[in-house]
Amino acid sequence: MVNLTIDGIQLAVPEETTILEAARTIDIEIPSLCYLKGINEIGACRVCCVEIEGMDRLVTACNDTVKEGMVVRTNSPKVRRARKNNIQFILSQHDCQCTNCVRSGNCQLQKLANDLNIIDVPMLRWVEDLPWDMNFPLIRDTKKCIKCMRCIQVCDKIQDLKVWDVANTGSRTTIGVRGGRKISDVACSLCGQCITHCPTGALRERNDTEKFWDAVEDPDKIVVVQVAPAVRTALCEGLSVAPEELPVGKILDLMKRLGADYVFDTAFSADLTIMEEVSEFLHRFKMGDLREQPMFTSCCPGWVRFIKSQYPHLVKQLSSAKSPQQMFGAVMKSYFAEKLGVKPERIYTVSLMPCVAKKGEREMELYYGEYAGHDIDLVLTTREVGRLMREAHVQLRSLRDISGDTIMQEGSGAGVIFGASGGVMEAALRTAHYMLTGENPDPDTIHIVNQADPESGLLEAELTIGSIPLRAAVVSGLGNTRRLIERIERGEVRYDFVEVMACPGGCAGGGGQPIHPDGGDARARGAVLCSIDKGMKLRFSHENADVLRLYDEYLGAPMSRKAHMLLHTDHEVWEMPRGEAPGGEAVSLAVRIARR
């Protein structure tokens, strides 16, 4: 332990503790912009500077460690002047039109400028403005970038994709796509982790809210909305209320108030996904197709983009089942359109998702010839839903807890936990048990959600269903995923079934979720989904009466020809940019050979 004094308070902390972390143990908050614990501790912004007794120069608290007898002042006149000057320098190169910025009110730079009482920027103003493809789901605004390096470090260290990089030096330093390429030409997974870790509005999702208003105002369109499970756990954060104050029924009512004609819970199509994916898994398992390599889940579009760009030779191991989002759209534009007696072209499907990659998935034509148009017409992130609510001045207290519309109203707890890492696997194993034995397991004995190791994002499970042994794995975060795939490729581990989520913690930690200074707590959001599941009477996808009715009336059975045409896809019909692998040396020789 190291003894020191911070602002007159004596304390002892373990050696190698940074000054910033030591101060936090006694509730002294040293401001910072670039700091992310364990990810970005480089002192780039210089905002966390503090004064050390006996030293002439100030030091950065985020990457300077404590020393025995150290006396630290975090708010001396010298510190305040330096901190204020540093923020003013940053503002001199920043687009300060905060009123029309998506991060206004939730911007760390804005908060610091207000906290430091900065009302003037005496330095010469110069703001960099570089072009960007505004049709791409992820938008970067160079005018708002403060060169904190967070996006680079998160993409490098957490997701291991290395999309972003620093260019130039000195006053000309900028951040952009690695190699000076266009964003559409690199293997970006659209996970959006760079967005949720950006302290300003330099990174954001493409704003599609006006498309929603256009749709509800069009008399020829029937607007059908689905709400993903992970949205319900996070929308409340932007409204500063507890999760129990904003059940999914109130979000459904919100969308009705905003003009939607029909509203549904995506838990329904998650249950439908389980029926198809588990049936496919058991078929491939029994046929011996999984002896060498596992079947991977396919419900996360960020993961699908990753495997197609980094490990294209493994694409054949993906489940052919569409994601719940896409299954919802396919069913709406076929079965539901027939029920309404309207042409599929009139159905306008809207997804409320915690994910930026869903915007990219929406643009894929992953269907056959049963109807016209895309499965999904519009994807809105959790943040965009919050903006719609504020724009329409809808008050939370005015919302009612309503049920979704028939005929796809029901959703199980198994469908709800899709939003957390391990949820897809847990839901799948519940139904696999029934399909193999004819009996339901105790759902609480298959506990996988949120159980992955926090460091590796990995959970491995061996279980026997009936007399059949199964080896399963769950992983979240693309850096973790790369390490797992490399182990599989080297033959160090073998599984039958693997769930992959691109974002750490699963959809609950998605790139479209509310933004917090530390990136947010996906595990806490996942725990909310678990509690919802435990409180539901229906906890098995194969017992969803509305899903069973869909099969009886329209699809026939899981994996039937009609189900295959509507609910499955060919992952080879579209390509991701290949080129030089952003993962560099981490990409296996097999991948490089496959790319040639």
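Residues numbered from 1 in each chain as written. Predicted model: local features only at pLDDT ≥ 70, side-chain atom pairs only at ≥ 80, totals over all residues. Heavy atoms only, no water.

Observations regarding the overall build of the chain
Right, on to step 1. Helices and strands together make up the secondary structure of the chain, namely 20 helices and 17 strands.
Right, on to step 2. Compactness check: the chain gives a C-alpha radius of gyration of 25 Å against a globular reference of 25 Å for 596 residues, within 12% of the reference.
Right, on to step 3. Its C-alpha atoms give the chain principal-axis dimensions of about 80 × 55 × 50 Å.
Right, on to step 4. Taking all 596 residues of the chain together, 61% fall into the buried category.
Right, on to step 5. Long-range pairs, those at least 24 residues apart, make up 74% of the contacts in the chain between residues at least 6 apart in sequence.
Right, on to step 6. When the accessible surface of the chain is split by element, carbon and sulfur atoms take 49% of a total near 24,200 Å².
Right, on to step 7. Each charge class in the chain was averaged separately, 71 positive and 80 negative side chains, and the resulting centres sit 4 Å apart. (Helix = DSSP H or I, 4+ residues; strand = E, 2+ residues; numbered from the N terminus. Rg over C-alpha atoms; globule rule 2.2 N^0.38 Å. Buried < 20%, exposed > 50% of the residue type's maximum accessible area, 1.4 Å probe, protein only. Contact = heavy atoms within 4.5 Å. Areas by Shrake-Rupley, 256 points an atom, 1.4 Å probe, with all protein chains shown as cover. Lys, Arg positive; Asp, Glu negative; His and termini not counted. Charge placed at Lys NZ, Arg CZ, Asp CG, Glu CD.)

Side note on the sheet that holds strand E1 (residues 2-6)
Right, on to step 1. With respect to topology, 5 strands assemble into an open sheet ordered E2-E1-E5-E3-E4, the strand pairing being mixed. Of all strands in the sheet, those with a lone pairing partner are strand E2 (9-13) and strand E4 (59-60), marking the two edges.
Right, on to step 2. In terms of strand pairing, E1 meets E2 through 5 bridges, oriented antiparallel. When the sheet's bridge partners are listed, Val 2 is paired in E2 with Val 13.
Right, on to step 3. On top of the sheet, helix H2 (residues 77-92) reaches strand E3 (49-52) and strand E5 (70-73); it is set at about 155° to E3, its chief contact. (Pairing = 2+ DSSP bridges. Axes fitted to C-alpha atoms, helices over the stretch in contact; angles between N-to-C directions.)

Describing the pairing of E3
Side chains on a regular strand alternate between the two faces of the sheet.
Right, on to step 1. Judged by which residues are buried, E3 turns out to be covered on both faces: Cys 49 and Glu 51 on one side and Val 50 and Ile 52 on the other are all buried.
Right, on to step 2. Pairing geometry for E3 and E4, over 2 bridges, is antiparallel. What sits directly across from Val 50, in E4, is Val 59.
Right, on to step 3. The pairing of E3 with E5 spans 2 bridges and is classified as antiparallel. Following the sheet pairing, Ile 52 is matched in E5 by Val 72.

A short note on the packing of H2 against helix H3 (residues 108-115)
Right, on to step 1. Remark: H2 packs on H3, axes separated minimally by 10 Å, with the N-to-C direction vectors making an angle of 135°. The orientation of H2 relative to H3 falls into the category oblique. The interaxial crossing formed by H2 with H3 has left-handed handedness. The segment H2 lies against H3, with Ile 87, Ile 90 and Leu 91 engaging Leu 109, Leu 112 and Ala 113.
Right, on to step 2. In terms of residue class, the contact of H2 with H3 is made up of 6 nonpolar, no polar and no charged. (Parallel < 35°, antiparallel > 145°, perpendicular 65-115°, else oblique. Left-handed = near helix turned anticlockwise from the far one by under 90°. Nonpolar A, V, L, I, M, F, W, Y, C, P; charged D, E, K, R; others polar.)

Notes on the pattern of salt bridges
Right, on to step 1. Within the structure shown, the criterion is met by 40 salt bridges.
Right, on to step 2. Across the pair Asp 265 and Arg 232 runs a salt bridge, and its minimum N-O distance is 2.5 Å. Taken together, the residues Asp 265 in strand E11 (residues 262-265) and Arg 232 in helix H7 (residues 229-238) connect sequence positions 33 residues apart. The two residues Asp 265 and Arg 232 agree in class, both being buried.
Right, on to step 3. Between Asp 377 and Lys 333 there is a salt bridge; the shortest N-O distance is 2.9 Å. With Asp 377 in the loop between helix H12 (357-362) and strand E14 (378-381) and Lys 333 in helix H11 (residues 324-340), this residue pair connects regions lying 44 residues apart in the sequence. Across the pair, Lys 333 and Asp 377 agree in class, each one buried. (Salt bridge = Lys/Arg side-chain N within 4 Å of Asp/Glu carboxyl O.)

As for H11
Structurally, the α-helix is built with 3.6 residues per turn, so residues lying three or four positions apart point the same way.
Right, on to step 1. A bend of about 40° at Met 332 is the largest found in H11.
Right, on to step 2. In terms of residue burial, H11 counts as a mostly covered element, since 14 of its 17 residues are buried.
Right, on to step 3. The positive-phi residue at the C-terminal boundary of H11 is Gly 341, with phi of around 75°. (Bend = angle between axes of the 7 residues up to and from the residue.)

Notes on the sheet that holds strand E17 (residues 497-501)
Right, on to step 1. Read from one edge of the open sheet, 4 strands run E12-E17-E16-E15, paired in mixed fashion. Edge positions in the sheet fall to strand E12 (295-296) and strand E15 (458-465), since each has one partner strand and no second.
Right, on to step 2. Against the sheet, helix H16 (residues 478-489) touches E12, E15, strand E16 (468-476) and E17, its axis set at about 140° to E16.

Some details on the environment of Cys 62
Right, on to step 1. When you line up the elements, Cys 62 lands in the loop between E4 and E5.
Right, on to step 2. Cys 62 has contacts with Thr 18, Leu 20, Tyr 35, Glu 41, Ile 42, Gly 43 and Cys 48, leaving out every residue within four places of it along the chain.

Here we look at the environment of Thr 273
Right, on to step 1. Mapping Thr 273 onto the fold places it in helix H9 (residues 267-286).
Right, on to step 2. As a C-alpha pair, Thr 273 and Tyr 554 span 281 residues in sequence and 16 Å in three-dimensional space.
Right, on to step 3. Contact partners of Thr 273, with chain neighbours within four places excluded, come to Lys 322, Ser 323, Pro 324, Met 327 and Phe 418.

Here we look at the UniProt feature "domain: 4Fe-4S His(Cys)3-ligated-type" (unreviewed entry) in the chain
Right, on to step 1. Here, UniProt's "domain: 4Fe-4S His(Cys)3-ligated-type" (unreviewed entry) annotation points to residues 78-117.
Right, on to step 2. As annotated, residues 78-117 comprises 57% helix and 0% strand, and the C-alpha atoms at either end are separated by 16 Å. (UniProt positions renumbered as here; feature names shortened; annotations may be inferred.)

Points about the side chain of Arg 430
Right, on to step 1. Summarising the element assignment, Arg 430 is placed in helix H15 (residues 423-437).
Right, on to step 2. Its relative accessible area of 0% is what places Arg 430 among the buried residues.
Right, on to step 3. Beyond its immediate sequence surroundings of up to four residues, Arg 430 is in contact with Gly 413, Ala 414, Ile 417, Pro 441, Pro 443, Ile 446, Asp 533, Arg 539, Phe 540 and His 542.

Re helix H13 (residues 382-391)
Right, on to step 1. Of all 10 residues in H13, 8 are buried; the element is thus mostly enclosed.
Right, on to step 2. Within two residues after H13, His 393 carries a phi angle of roughly 55°, on the positive side.

Digging into the side chain of Asn 450
Right, on to step 1. Among the secondary structure elements, Asn 450 is positioned in the loop between H15 and E15.
Right, on to step 2. Not counting residues up to four positions away in its chain, the partners in contact with Asn 450 are Ser 421, Arg 523, Gly 526 and Ala 527.

Describing the packing of aromatic side chains
Right, on to step 1. Overall, the coordinates contain 11 aromatic pairs when judged by the stated rule.
Right, on to step 2. Ring centres of Tyr 335 and Tyr 554 lie 5.4 Å apart, and the angle between their planes is 50°; on these two criteria the pair is classed as tilted. Taken together, the residues Tyr 335 in helix H11 and Tyr 554 in helix H18 (residues 545-555) connect sequence positions 219 residues apart.
Right, on to step 3. You can call Tyr 335 buried: its relative accessible area is 4%.
Right, on to step 4. On the accessibility criterion, Tyr 554 (12% relative accessible area) is buried.
Right, on to step 5. Three or more aromatic residues joined by ring pairs form one cluster here, namely Tyr 262, Phe 264, Phe 328 and Phe 336.
Right, on to step 6. We note Lys 308 situated over the ring of Trp 574; from NZ or CZ to the ring centre the distance is 4.5 Å.
Right, on to step 7. The ring of Tyr 554 has Lys 562 sitting right over it, with the charged end atom 3.8 Å from the ring centre. (Phe/Tyr/Trp six-rings, centres within 6.5 Å; stacked < 30°, edge-to-face > 60°. Lys NZ or Arg CZ within 6 Å of the ring centre and 35° of its normal.)

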